[in-house]
Amino acid sequence: MKFEAPRGTHDILPSEQPRWRRVTETMEEVCRLYAYRPIQTPAIEDTALIVRSSGEGSDVVQKETYTFEDRGGRSLTLRPEGTAPICRAYLEHGLHREPQPQKLYTIAPMWRYDRPQRGRYREHWQLSVEAIGTADPAVDAEVIRLYADILARLGVPDYVLQLNSIGDAACRPAYLERLQAWLDVHEGELDGEARAKRRTTPLRVFDVKSPRVRDLLRDAPVIGESLCAACRVHFDDLRRYLEAYGVAYELAPTLVRGLDYYTRTTFEFKDEAIGAQDSICGGGRYDGLVEAIGGPPTPGIGFGAGIERLLLSLGDGEASAEPVDVFFVLGEGADRAPVLTAMAALRARGLACDTDYAGRSPKGQLTQAGRLRARSVVVVDAGGARLRRDGREEPISLDRLADTLAR
RNA sequence: GUGGCGGUAGCUCAGUCGGUAGAGCCCCGGGUUGUGGUCCCGGUGGUCGGGGGUUCGAGUCCCCUCCGCCACCCCA
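The residue numbers shown here count from 1 along each chain, following its written sequence. Each chain takes a letter, starting from A, and each ligand takes a number, starting from 1, following the order in which they are written. Given that the model is predicted, a residue must reach a pLDDT of at least 70 before its local features are reported, and side-chain atom pairs must reach 80 or more before they are shown or counted; all residues, however, enter totals for whole chains, interfaces and linings. As a convention, hydrogens and water are excluded, and side-chain values are obtained from all of the structure's heavy atoms.

Caption draft 1: Spatial organisation of the overall build of chain A. Helices and strands together make up the secondary structure of chain A, namely 14 helices and 16 strands. Taken against the 2.2 N^0.38 rule, which gives 22 Å for 407 residues, the C-alpha radius of gyration of chain A at 28 Å runs more than 25% over that of a compact globule. Taken over the C-alpha atoms alone, chain A extends approximately 95 × 50 × 50 Å along its principal axes. Buried residues are those whose accessible area, probed at 1.4 Å on protein chains only, stays under 20% of the maximum for their type, while exposed residues exceed 50% and partly exposed ones sit between those limits. Here chain A holds 407 residues, and 49% of them are scored as buried. In chain A, of all internal contacts separated by at least 6 residues, the share reaching a separation of at least 24 is 69%. Total accessible area computed for chain A in this model is approximately 20,800 Å², and 49% of it derives from carbon and sulfur atoms. The charged-residue count follows a simple rule in which Lys and Arg add positive charge and Asp and Glu add negative charge, with His and chain termini not counted at all. Charge positions are represented by NZ for Lys, CZ for Arg, CG for Asp and CD for Glu. Placing the 55 positive and 61 negative side-chain charges of chain A at their respective mean positions leaves the two points 3 Å apart. A run of H or I in DSSP counts as a helix once it spans at least four residues, and a run of E counts as a strand once it spans at least two, with each numbered from the N terminus. Only C-alpha atoms enter the radius of gyration; for comparison, a globular chain is expected to reach 2.2 Å times N to the power 0.38, where N is the number of residues. The criterion used for residue contact is that any of the two residues' heavy atoms lie within 4.5 Å. For the area figures, the Shrake-Rupley method with a 1.4 Å probe applies, and any residue is considered shielded solely by the protein chains shown.

Rendered as structure tokens:
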């Protein structure tokens, strides 16, 4: 094979489009019901925006970005996630001076230079939903319920929602100090992985594999017990609102997210049936992000939901393509020209039609009409035209076809 | 980025001990049929992922490489 799609990218063929559309149309409909408005941003962003928002030390920035210099010497990066670009657009176009919150969504491709495997691509599509300009925990509950609605409408049965709060600028630093102090005391009992993690991503020490170290960490201080009063109230309110919304969740005291900008709420929807890459939606609150990229202090919350992974959750259920309304079979000695005229008239009336361009035999053309699930077939030969539908056949004039079928 | 498994027709796969490449499905044609289904017959289709090596001879053995899958890592 001479050329193939670049590693980790994939084509979405016509045969897959019905399933894709069902998913994206459901997403758009649910976003509309929650009064989120569509927005689109460029695929490329200033590298500095991505670095400052995701964080210099994040895995995304450290090893997963597609970064290049353009011909003008600018450093650009293919967006690895949806939140930072939308916040940039929010700021750049003064949406922070319009009524708050701004409730926005986009369905767009993202790029990450990961090692590909099932459910993990270098180019993949995400639904990004963002509510910027309010710290109200009811909005946290809203975006979570919004995604749960999408799953419900699509019929995804087996997923769990994990929920946590990782505090904010007021309480997280103090917590991290307590955690590090505790780790200092137990330094001798840690393994290499735990020691590495406490240096780079201390909140992740709880994820180490060693059962012995995990056991030990059971006595370590957890963020949930160290929240400041404001974060505590926010989290309690969120949980109350989720109950009001009828959303079931489990607390995940060690759920941390990979980007530096998260504060307070973090959550993840998982479907472990789809493999190791089982997170189908991840998000959280990012109250410091807009300010970090040069705007006024502005709270926000949102999530990214991977479309390819959601399709894995949905399984292989077949969805059939749109049928065609009329297929024209050309018999011996038939003139094409009047058929083209008839098709133009039908299309003008909103009827989808097609004919043979492959030189098939009449039998082959009928087979093709069947494949396209044509509702009507018009057989044209030297003797005139016949309309076949509902198992019956009648002579018809091509001139009157549109009038007959459009009724 | 690390480790493991894999790659043969458009798709799913077989291919023995190293001896000149196969099936089913799909597609095209013919027959049957009530001119779209069924059934029967025939046909098109291959850089055996790519490159190098060993050998009289490589789909088969060795090396490199690309791609996929599984796990790690991390996430959507």
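After that view of the structure, there is still more to cover.
Caption draft 2: A look at the protein's contact with RNA strand B. In the region of RNA strand B, 45 residues are neighbours, and Arg257, Gly258, Ser279, Arg386 and Arg388 sit closest. Counted by atom, the contact set of RNA strand B within 4 Å of the protein is 59% sugar and phosphate. The term polar contact refers here to a pair of N or O atoms within 3.5 Å; inside protein, the definition further demands a hydrogen-donor-capable atom paired with an acceptor-capable atom, and it admits residues adjacent in sequence only when both atoms are side-chain atoms. Contact between RNA strand B and Arg7: a phosphate oxygen at 2.8 Å from a side-chain N or O atom of the residue. For RNA strand B, a base nitrogen lies 3.0 Å from a polar atom in the backbone of Ala374. Elements represented by at least two residues in the surface near RNA strand B include exactly helix 3 (59-64), strand 6 (123-132), strand 10 (279-285), strand 11 (300-306), helix 13 (362-371) and strand 15 (384-389). Looking at the surface near RNA strand B, the element that brings in the most residues is helix 13, giving seven residues. When at least one non-hydrogen atom of a residue lies within 4 Å of a molecule or strand, that residue is treated as near it.

Caption draft 3: Examining the packing of aromatic side chains more closely. The aromatic pairing rule takes the rings of Phe, Tyr and Trp, using the six-membered ring of Trp, and pairs them if the centres are within 6.5 Å, calling planes under 30 degrees apart stacked, those over 60 edge-to-face and the rest tilted. One pass over the full model with this rule turns up nine aromatic pairs. Plain terms: the ring middles of Tyr147 and Phe303 are 5.5 Å apart, the flat faces sit at 65° to each other, and that makes the pair edge-to-face. One end of the pair, Tyr147, is in helix 5 (residues 137-154); the other, Phe303, is in strand 11, with 156 residues separating them in the sequence. Tyr147 sits in the buried class, given a relative accessible area of 0%. Seen from their ring centres, Phe267 and Phe303 are 6.3 Å apart, and the 75° between their planes marks the pair as edge-to-face.

Caption draft 4: How the structure looks around the sheet that holds strand 13 (residues 353-355). Any two strands with at least two DSSP bridges between them are considered paired. Pairing in this open sheet of five strands is mixed, and the strands run 13-12-14-15-16 from one edge to the other. Looking at the sheet topology across the chains shown, the edges are occupied by strand 13 and strand 16 (392-396). Direction aside, the axes of adjacent strands within the sheet are offset by 25° on average. Across five bridges, the pairing between strand 15 and strand 16 is antiparallel. Helix axes are fitted to C-alpha atoms over the stretch in contact, other axes to C-alpha atoms as well, and angles between N-to-C directions run from 0 to 180 degrees.

Caption draft 5: How the structure looks around the domain arrangement of chain A. Where each domain starts and ends follows an automatic or database-derived domain assignment. Its domain assignment divides chain A into domain 1 (14-171 + 227-314) and domain 2 (326-406). With centres defined by C-alpha atoms, the gap from domain 1 to domain 2 works out at 49 Å.

Caption draft 6: Focus on the packing of helix 1 (residues 17-33) against helix 11 (residues 307-314). Interaxial distance between helix 1 and helix 11 falls to 11 Å at its minimum, and their mutual angle equals 110°. Judged by the angle between their axes, helix 1 and helix 11 are roughly perpendicular. Considering how the two elements wind past one another, helix 1 and helix 11 form a crossing that is right-handed. Contact residues: helix 1 offers Arg19, Trp20, Arg22, Val23, Thr24 and Met27, while helix 11 offers Ile307, Glu308, Leu310, Leu311 and Leu314. If an angle is under 35 degrees, it is roughly parallel; if it is over 145, roughly antiparallel; if it lies from 65 to 115, roughly perpendicular; otherwise it is oblique. Here a crossing is taken to be left-handed if its near helix is turned anticlockwise relative to the far helix by less than a right angle, and right-handed if that turn runs clockwise.

Caption draft 7: Region of the structure containing the packing of helix 1 against helix 5. Direction vectors running N to C along helix 1 and helix 5 enclose 135°, while the axes themselves pass 10 Å from each other. One way to sum up the angle between helix 1 and helix 5 is to call them oblique. Taken as a pair, helix 1 and helix 5 cross one another with a handedness that is right-handed. Across from Arg22, Val23, Thr26, Met27, Glu29, Val30, Cys31 and Leu33 in helix 1, the residues of helix 5 making contact are Leu146, Asp149, Ile150, Arg153 and Leu154.

Caption draft 8: A look at empty space enclosed by the protein. A pocket, in this scheme, is an open set of points on a 1 Å grid over the protein atoms alone with protein on both sides within 12 Å along at least 5 of 7 lines, while a cavity is a set where a 1.4 Å probe fits but cannot get out; residues line either one if an atom lies within 4 Å of a point. Grid points are joined across faces, edges and corners, and a volume is the space filled by probe spheres set on the points. A full pass over the atoms with the stated rule returns one cavity of 30 Å³ or more. A volume near 40 Å³ is recorded for the largest cavity. Around the largest cavity sit Asn164, Ile166, Tyr175, Leu203, Phe206, Ile223, Pro253, Thr254 and Val256, which together line it. Gly counts as polar in this scheme, as do all residues outside two lists: the nonpolar Ala, Val, Leu, Ile, Met, Phe, Trp, Tyr, Cys and Pro, and the charged Asp, Glu, Lys and Arg. Class assignment for the residues of the lining of the largest cavity results in seven nonpolar, two polar and no charged.

Caption draft 9: The pattern of salt bridges, seen in detail. The salt bridge criterion pairs a side-chain nitrogen of Lys or Arg with a carboxyl oxygen of Asp or Glu, the two atoms within 4 Å. Scanning the model with the defined rule gives 27 salt bridges in all. Arg285 is paired through a salt bridge with Asp140; the nearest N and O atoms lie 2.5 Å apart. Placement of the pair is Arg285 in strand 10 and Asp140 in helix 5, with a sequence separation of 145 residues. Among the residues examined, Asp140 registers a relative accessible area of 0% and is labelled buried. We note a salt bridge from Arg218 to Asp215, for which the minimum N-O separation is 2.8 Å. Note on Arg218: relative accessible area 63%, which makes it exposed. The class for Asp215 is partly exposed, based on a relative accessible area of 45%. Connected via shared salt-bridge partners are Asp184, Glu187, Arg195 and Arg198.

Caption draft 10: Spatial organisation of the nonpolar core. Among buried residues, the Ala, Val, Leu, Ile, Met, Phe, Trp, Tyr and Cys ones that are joined through side-chain atoms within 4.5 Å form a nonpolar core. Grouped together as the largest cluster of nonpolar side chains are 40 residues, with contacts concentrated most on Tyr36, Leu127, Tyr147, Phe267, Phe269 and Phe303. Ignoring any residue separated from it by four or fewer positions in sequence, one finds Tyr147 in contact with Phe269, Ile280, Cys281, Phe303, Ala305 and Leu310. With 21 residues, the next largest nonpolar core counts Phe206, Val208, Ile223 and Leu227 among its residues.

Caption draft 11: Looking closely at the sheet that holds strand 5 (residues 102-111). Taken in spatial order, the eight strands line up as 1-5-6-11-10-9-7-8 in an open sheet, and their pairing is mixed. Two strands in the sheet have a free side with no partner beyond their single neighbour: strand 1 (37-38) and strand 8 (250-251). One ladder, built from seven bridges, connects strand 6 with strand 11; its direction is antiparallel. When the bridges of strand 11 are listed, Leu127 appears paired with Ala305. Against the sheet, helix 1 makes contact with strand 5 and strand 6, and its axis sits at roughly 160° relative to strand 5, the strand it touches most.

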